[in-house]
Amino acid sequence: MRISTTSCLCPFLVCLCFIQRCSSVSHHTPAKVPTKNQTKLANGETEVHHRPKRGWIWNQFFVLEEHTGPDPQYVGKLHSNSDKGDGSVRYILDGEGAGSIFIIDEVTGDIHATKSLDREKKSHYVLHAQALDRYTEEALEPKSEFIIKVQDINDNAPKFPDGPFVATVPEMSEVGTSVLQVTASDADDPTYGNSARIVYSILQGQPYFSVDPKTGIIRTALADMDREAREHYTVVIQAKDMAGQVGGLSGSTTINITLTDINDNPPKFPQKNYQLYVPESAQVGKPVGKIKANDDDLGINADIKYSIINSEGANTFSISADRDTKEGIISLKKPLNYERKKSYTLHIEGMNTHADPRFSYLGSFKDTATLKITVGDVDEGPVFSIDHYIMDVYENAPRGTEVGAVTARDPDSRNSPVRYFLDSKEDDERYFRIDEITGVIRTTKPLDREDITWHNITVMASEVDNPSLLSHVPVTVQVLDVNDNPPEVAADEEIILCESSRPGQVIQTVTAVDKDDFANGQRFAFALPSQLPVNPNFTLKDNEDSTASIIARRRRFNHLTQELYELPIVVWDGGEPSLSGTSTLTLRVCPCQRHGRIRACQGEAFLSSAGLSTGALIAILLCIATKLVTYVYIFFFKRSKKEPLIISEEDIRENVVTYDDEGGGEEDTEAFDIIALRNPAAAEELKFRRDIRPEARQHCGLLRSRRSPSVDLDDVDVQEFIKQRQVDADLDTSVPPYDSLQTYAYEGQGSPTGSISPLDSPGTQSEQDYNFLDEYGPDFQRLAELYGHSLWRQNSLFTKMR
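Source: prediction; values computed, not measured.

### Here's the deal with the sheet that holds strand 14 (residues 209-211)
So, step 1. The sheet built from three strands is open, its strands ordered 12-15-14 with antiparallel pairing. The sheet is open, and its two edges are formed by strand 12 (178-181) and strand 14, each paired on a single side. Looking at each pair of strands side by side, their axes are set apart by 25 degrees on average, direction ignored.
So, step 2. Relative to strand 15 (residues 217-220), strand 12 runs antiparallel, the two being bridged by three bridges. The residue bridging Leu180 from the neighbouring strand is Ile218, located in strand 15.

### Points about the state of the cysteines
When the sulfur atoms of two cysteines share a covalent bond, that bond is a disulfide.
So, step 1. Within the structure shown, the criterion is met by one disulfide.
So, step 2. Each sulfur of the disulfide joining Cys498 and Cys592 lies 2.1 Å from the other. A torsion of -90 degrees about the S-S bond marks the disulfide between Cys498 and Cys592 as left-handed. With Cys498 in strand 35 (residues 495-498) and Cys592 in the loop between strand 41 (580-590) and helix 4 (605-609), this residue pair connects regions lying 94 residues apart in the sequence. The two residues Cys498 and Cys592 agree in class, both being buried.

### Structural notes on the pairing of strand 18 (residues 273-279)
So, step 1. Of the two faces of strand 18, only the one carrying Tyr274, Leu276 and Val278 is buried; Asn273, Gln275, Tyr277 and Pro279 on the other face are not.
So, step 2. Judged from the seven bridges that link them, strand 18 and strand 24 (residues 366-376) form a sheet pairing that is parallel. Looking at the pairing, Pro279 lines up with Gly376 of strand 24.

### Structural notes on the pattern of salt bridges
So, step 1. Overall, the coordinates contain 17 salt bridges when judged by the stated rule.
So, step 2. Put simply, Glu312 and Lys341 hold a salt bridge, and the shortest N to O gap is 3.4 Å. You can see Glu312 sitting in helix 2 (residues 311-316) and its partner Lys341 sitting in the loop between strand 22 (327-332) and strand 23 (343-352), a full 29 residues away along the chain.
So, step 3. Using a relative accessible area of 34% as the deciding quantity, one classes Glu312 as partly exposed.
So, step 4. Lys341 sits in the partly exposed class, given a relative accessible area of 31%.
So, step 5. Residue Arg449 is joined to Asp481 by a salt bridge in which the shortest nitrogen-to-oxygen separation is 2.9 Å. On the criterion of sequence distance, the pair formed by Arg449 in the loop between strand 31 (440-443) and strand 32 (454-463) and Asp481 in the loop between strand 33 (470-480) and strand 34 (488-490) is long-range, its members being 32 residues apart. Here the two residues Arg449 and Asp481 agree in accessibility, since each one is buried.

Scoring rules and cut-offs
- Residues numbered from 1 in each chain as written.
- Predicted model: local features only at pLDDT ≥ 70, side-chain atom pairs only at ≥ 80, totals over all residues.
- Heavy atoms only, no water.
- Pairing = 2+ DSSP bridges.
- Helix = DSSP H or I, 4+ residues; strand = E, 2+ residues; numbered from the N terminus.
- Axes fitted to C-alpha atoms, helices over the stretch in contact; angles between N-to-C directions.
- Disulfide = S-S within 2.5 Å.
- Buried < 20%, exposed > 50% of the residue type's maximum accessible area, 1.4 Å probe, protein only.
- Salt bridge = Lys/Arg side-chain N within 4 Å of Asp/Glu carboxyl O.

On their own, these measurements won't tell you what the molecule is for.
Here is the structure:
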């Protein structure tokens, strides 16, 4: 098979012919399946039968777009060299548009386009051609792919998709200043011919602007374009294809260009001289007039700063710019007085705040004008000599005491007489009055500094000739202090007195208060009343720093014995003359924790809450004591029958029975055997305290062995033995303080002394300090109170009942 290269009519077809040649070569590569030109031998090999080469022959593959002729447009011809012209070959076409857009003559292979094509919609079509034997339908040529390209024509005009445009450029810009770049687009093929080659030109806007024909950049073409002369411009730009040649298509767009403002105009006053009338009654700080300089610029370029450049006007008047109206507002800085000065001359300057140095050659961007102000005469009210009067008077001064005087005069040339009076709205109680002619202010009653220290009143003055014109002046009267109040001890709350207080301990530090001011009450002295007997409980120490300390004089207090104490204290101030006062302080006795922290001051609250009075409580306690005595007597009677070791009735008194509960019979009693005192040799076995729980006895014995050396009972007198045991009992604080009573009745053989039994001796309060039990919690705190304060009284009571 061969391919006719003579049909390649252009370089593009030459490439297609080369591709077809390569395709034909690859088609004839050896294959495993024998074709019609091969014979399969017995040994599996094939024998090739050569025949003449065949190939496609075609001569055209382009079609013009937008064809409008009456007949289908001829595209090209497909032809195989196997076609002998006898009609035995049938050509078939398939692919994009085959049968609808493109049709082929099966006999001749001619291809025609039946429709008008648009390159901008589809630029090429891919099709496949095949040659078949008309009779056997066998393929004479392999299927081949080819492309039909739609050839472009200039059928699309340039367009500006983003138009119209808006642009700005500063006024007075130099020639060639870039304003805006516009770009047009053309749908035609930019690679074929000049259909999409665009050239820009300006149709409207000359001679102010120009456009670059290739880039579409718009530039200024005229120098010194002034916004104040003309602000808006309309420019029309045209884009033409075919490189601008005749017959090319074109499109246009509009650009609205605005010149932006720059500060190229100085401010100007419309005239050089102005006049203004201002009455002398004009208020200070209020506007009295205005002036304006014109500026043709806009925005901040037209901002003007006004100033008064001569001292005569600047001292009395001020000027400021209104941001909206650009006017200069003139205000009054000081009161005007027609009688003193009747006119003022102001030199006013207006200057731009944002000057452009590029236009400095135009001169200074400021202007000046002269304003003459005429002061008008007005009948004014009286004028006081000062704006605010401050006076003083001592408290308790008698009625009619002079406080001070005010003075006012008529500022006008007539010098009319002035009358004074007080504003009744402010002085309801009328502490003061004023002489209407002289202006002297006097008191109407004695004043109390401790009640009101400062009085603020208003004095008004009016002219006799024109009473409607009033002037006001504030007057402040200070009431001076005299020492007329005795000091007092400052005690907002009652003083807490701890039960565990010691002699010399500071209970409370007190201070004093005095209604008088510091000049009379800055130093205080303290002492106890000298006319009263010496206080056995407390003393007072003057700390000489306006404070005093209350000090305890005795050891321990008990809230059950006495809960409240009263302590009168005399205090003197340091005034002239010195005054003194006596204050009585109340001290409440309370149980306290260690370091003086208060635990409770309502220890008996449960009694009152239960509705029990003190008499009822005493009655209950007497009933309990009577019952306990009965139990002791019964126990003693039984004990006397069971104890054969008792020698006489006197010994019965030394056998004490304790009761842990009010019920339960004999199981709740415990008798203390005093046989150890009768037989000192047997005391070694009974060294442990019998008022201790059994589990604590071993610990107690160890403590006792560490505190005192062992006593040889055979060598020591019983009296020494009793003293040693008494010392051990007093020092033993390691066990809970169960209520108990130890008795020692034996005095030794032949002792001439009387009985040393504690049953017959008056009970004394133990000196043992049980405050260390506070560390074990609230339960042990209550035990410490009972053992330290109440146990000795209960034991003494039981002993006497016994």
